[in-house]
Amino acid sequence: MRRSSALTAEILLTRALFSHRHHLSSMPPRLLFRRLLSSAIAARSPEVSSAAAPRPTDPALLLRLCTVLYQHQNAPDGALQRRLSALQLPSAPADLRELFLQASARFPLSWRPMHRLLAHLTARHGFAHSPTTAARFLDVLAKSSNVDLLHSTLLSLPPGLLSDAALRAAIRGLAPAREVGKVSALLTLFPEAHRPRLLDFITEVVCSVCKLPDVAEKVIKQAEHRYGLSRSGRCCELLVVAYCRAGMFAEACSVWNGMEKRGIEPGAVAYEEIVVTLFKNNRFSDAMKVFDGMRKRGLSAAGGGACYHAVVSWLCKEGRTWCAFMVFAEMVKKGVEVDGEVLGDLVYGLLARRRVREGYNVFHGVKEKDIALYHGMMKGLVRIKRAREATQVFREMVASGCEPNMHTYIMLLQGHLGKRGRKGRDPLVNFESIFVGGLVKAGRTLEATKFVERTMWGGVDVPRFDYNKFLHYFSNEEGLTMFEEVGTRLRETGHVDLGDIFLTYGERMATRDRRRRAMNGRLTEVQDCSCLSSQESEAS
């Protein structure tokens, strides 16, 4: 019986294999190759995934390892080796790399524990770096300011491990130490064809991350003399922007003149930074001359018209609304995108010049309003002492679904109370009882004492209350009741606008959970309350 069943199973298996072979033989060669390749990948995929994916590190083992490394980081090699050998470290290379990454996260600023762990893993377990572990180790060496070990480790790494993250970590450690020669020596680690791109990368990291344009320029000069490289337009733009932002305008002008001598055309980013720096230095005529030169060369609309935005913003700040509208008309004519920031600056410029009707016309002429336009409107109304109208714009902002941020509330509080605070008629809702007393209740007696001292010595030091810190101190669950009580008390005494500001902040900004719900549009009670409050204020 068993023999007959076995023969039957064998016959069925033979028929299945024959039919499968006949089906494969009848398939076209291209489809047959795809079928065999997919089956081979499917057969090998479990092995590859199991070998590539590291297992999660044991928390107890990681804690014990970090304890040993911390307590015996200055111990002799023999004592540390005995301690580390007693631990049951994983044997798989992927698990060892994961353990090394987890341990380096526990020592981000200490090079000695990670250096000794690396020596032990290399000698006893055959540890080999991956691009991720190499970049993490270089980052630890850079943050611990061990320049010599960082440079020697960087030179000992094979070219395959020198990723962008590893080079960025090395530059962040060498540039602040002003090791110009070692930074420029990074160019020798790559072939000559990749050195111009690497020089741009080094300049970008030193200027943007380290914010050391003088070091970047020395590295570029050394690369020009030693390796025969020539600076590109990208390097010059980075130097101009970094020098301007660092307040070194003379050096930026020197780099700018060098670009013209070399025949390098400055880009839109460099033009924009030069124009903004000239505006900051109150050199409006020079800024407009540079902007006119940019327009003649056809670079003003590049980069989304950022230079147009900067010029309109600064002209509105200085009260030159006529010139700002001329530039705005040119933006529209050239097809440059107009966003809410530009419109907000224009509205603020009109309101600051007491041209309220025109400001309202521009504001209501925009169909889709964003937070920048609302801020420009409220800022202009606060500037001309119309805090009640600014609060009404705030109610419209909340009702339209545009979520306020911290700057909105601080601007409205300063508009109603001033930077120095104002005394009210009712002592229960007085400035000192709410804000100064609130600091005392929050346990910030030092800040409250400093403000009182500045108030008493007002002729020497102008007292200014920090509304940002006050709102931050009460942005918790306990502050919800405080904002509700203060807002209700202010509304009962006739301060409807201030009461609405406090109530809205307590409902939408007091905790992180409420902020997320408000940003996702799931908080609608405040909108109904704000509309009711606006109707009550109009009726009163």
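What counts, and at which threshold
- By convention here, each chain's residues receive numbers from 1 onward along its written sequence.
- With pLDDT at 70 or above as the cut-off, local features in this predicted model cover only qualifying residues; side-chain atom pairs require 80 or more to be listed or tallied, and sums for whole chains, interfaces and linings still use all residues.
- Only hydrogens and water are set aside when side-chain values are computed; all heavy atoms of the structure are taken into account.
- Going along the chain from the N terminus, every DSSP run of H or I of four or more residues is numbered as a helix, and every run of E of two or more is numbered as a strand.
- For the exposure calls, accessible area comes from a 1.4 Å probe over protein chains only, and a residue counts as buried if that area is under 20% of its type's maximum, exposed if over 50%, partly exposed in between.
- Residues are treated as being in contact if the distance between any of their heavy atoms lies within 4.5 Å.
- Per-residue and other accessible areas follow the Shrake-Rupley method at a 1.4 Å probe size, with only the shown protein chains counted as cover for residues.
- A pair is scored as a salt bridge if a Lys or Arg side-chain nitrogen falls within 4 Å of a carboxyl oxygen belonging to Asp or Glu.
- When two rings of Phe, Tyr or Trp (its six-membered ring) have centres within 6.5 Å they constitute a pair, described as stacked for plane angles under 30 degrees, edge-to-face for angles over 60, and tilted for the intermediate range.
- Residues forming no salt bridge and having over 30% relative accessible area are the ones grouped into patches, like charges within 9 Å of each other and nonpolar side chains (Val, Leu, Ile, Met, Phe, Trp, Tyr) within 5 Å.
- Counting rule applied: Lys, Arg positive; Asp, Glu negative; His and chain ends not counted.
- All charge positions are set by atom: Lys at NZ, Arg at CZ, Asp at CG, Glu at CD.
- Throughout, nonpolar core names a set of buried Ala, Val, Leu, Ile, Met, Phe, Trp, Tyr and Cys residues whose side chains join them through atoms within 4.5 Å.
- Per-residue confidence from the predictor is reported as pLDDT, a score between 0 and 100.
- Throughout, an axis means a line fitted to C-alpha atoms (over the contacting stretch in the case of helices), and angles, computed between N-to-C directions, take values from 0 to 180 degrees.
- Orientation labels follow simple angle bins: below 35 degrees gives roughly parallel, above 145 gives roughly antiparallel, 65 to 115 gives roughly perpendicular, and whatever is left gives oblique.
- Whether a crossing is left-handed or right-handed is set by the direction in which the near helix is turned from the far one by less than a right angle, anticlockwise for left-handed and clockwise for right-handed.
- Classification used: nonpolar for Ala, Val, Leu, Ile, Met, Phe, Trp, Tyr, Cys and Pro, charged for Asp, Glu, Lys and Arg, polar for all others including Gly.
- Helices are assigned an expected span. That span is 1.5 Å times one less than the residue count.

1. As for the overall build of the protein chain
- Along the backbone of the protein chain there are 30 helices and zero strands.
- Taken over 540 residues, the protein chain has a buried fraction of 44%.
- In the protein chain, the proportion of contacts linking residues at least 24 apart, taken out of those at least 6 apart, comes to 61%.
- For the protein chain, the exposed surface amounts to about 30000 Å²; the carbon and sulfur share of it is 53%.

2. So, the pattern of salt bridges
- For the structure shown, the criterion picks out 19 salt bridges.
- As a salt-bridge pair, E358 and R355 come within 2.5 Å of each other at their nearest N and O atoms.
- In this structure E358 comes out as partly exposed when scored by relative accessible area, which is 37%.
- Classification of R355 as partly exposed rests on a relative accessible area of 32%.
- One network of salt bridges, in which partners are shared, links R388, R395, R491, D497 and D500.

3. A word on the packing of aromatic side chains
- Applying the stated criterion to the full structure yields 12 aromatic pairs.
- Considering the side-chain rings of W256 and Y271, the 4.9 Å spacing of their centres and the 90° angle between planes classify their relative orientation as edge-to-face. Taken as a pair, W256 in helix α14 (residues 249-262) and Y271 in helix α15 (residues 268-280) lie far apart in primary sequence, 15 residues in all.
- By relative accessible area, which is 11% here, W256 ends up buried.

4. Let's talk about unusual backbone geometry
- Phi is positive for R354, close to 65°, though the residue is something other than glycine.
- Turning to its location among the elements, R354 is positioned in the loop between α19 (340-352) and α20 (356-365).
- Its relative accessible area of 56% is what places R354 among the exposed residues.
- Phi at K385 is positive, roughly 65°, even though this residue is not glycine.
- The residue K385 is located in the loop between α21 (371-383) and α22 (387-399) in this model.

5. Focus on a positive patch on the surface
- Where like charges cluster on the molecular surface, the positive patch consists of K218, K221, K261 and R262.
- Those elements that provide at least two residues to the positive patch are α12 (213-227) and α14.
- Counting through the fold element by element, K261 comes out in helix α14.

6. Details of the nonpolar core
- In this structure, I202 and M378 are the most contacted members of the largest nonpolar core, which totals 145 residues.
- The residues contacting M378, other than those within four sequence positions of it, are A390, V393, F394, M397, T408, M411 and L412.

7. As for the environment of A252
- Along the chain, A252 turns up in helix α14.
- Considered as a pair, A252 and L239 are 13 residues apart in the sequence and their alpha carbons are 7.1 Å apart.
- In this structure A252 touches V240, Y243 and C244, once residues within four positions along its chain are discounted.

8. Some details on the confidence of the model for the protein chain
- In this model, the protein chain carries a mean pLDDT of 81, and residues with pLDDT of at least 70 account for 77%.
- Across residues 1-51, confidence stays below pLDDT 50; counting only partners more than four residues off in sequence or on other chains, it has seven contacts.
- Every residue in residues 522-540 scores below 50 in pLDDT, and together they form 26 contacts with partners more than four places removed in sequence or on other chains.

9. Some points on the environment of N282
- Take N282: it is sitting in the loop between α15 and α16 (284-296).
- The exposure class assigned to N282 is exposed, which follows from its relative accessible area of 55%.
- Counting along the chain gives 36 residues from N282 to E318, while the straight-line C-alpha distance between them is 9.8 Å.

10. Quick word on the packing of helix α5 (residues 93-106) against helix α6 (residues 111-125)
- Running from N to C, α5 and α6 cross one another at 170°; their axes reach a closest spacing of 11 Å. As far as their axial angle goes, α6 and α5 are roughly antiparallel. Considering only the axes of α5 and α6, their crossing is right-handed. Listed contacts from α6 to L96, F100, A103 and S104 of α5 are M114, L117, L118, L121 and H125.
- Class assignment for the residues of the contact of α5 with α6 results in seven nonpolar, two polar and no charged.

11. Considerations on helix α11 (residues 195-209)
- Between its terminal C-alpha atoms α11 stretches 20 Å, which fits the 21 Å expected from 15 residues at 1.5 Å a residue.
- Where α11 is concerned, the buried positions are R195, L198, L199, F201, I202, T203, V205, V206 and C207.
- Lining the buried residues of α11 we find α9 (164-174), α10 (180-184), α12 and α13 (233-245).
- Phi for K211, located one or two positions after α11, is positive at around 60°.

12. Considering the packing of helix α18 (residues 321-334) against α19
- α19 packs onto α18 with a crossing angle of 155° between their chain directions and a minimal axis gap of 10 Å. Considering their axes alone, α18 and α19 lie roughly antiparallel with respect to each other. Both α18 and α19 take part in a crossing whose hand is left-handed. Together, T321, A324, F325, F328 and M331 of α18 and V342, L343, L346, G349 and L350 of α19 make up the contact between the two elements.
- Split into classes, the residues belonging to the contact of α18 with α19 amount to eight nonpolar, two polar and no charged.

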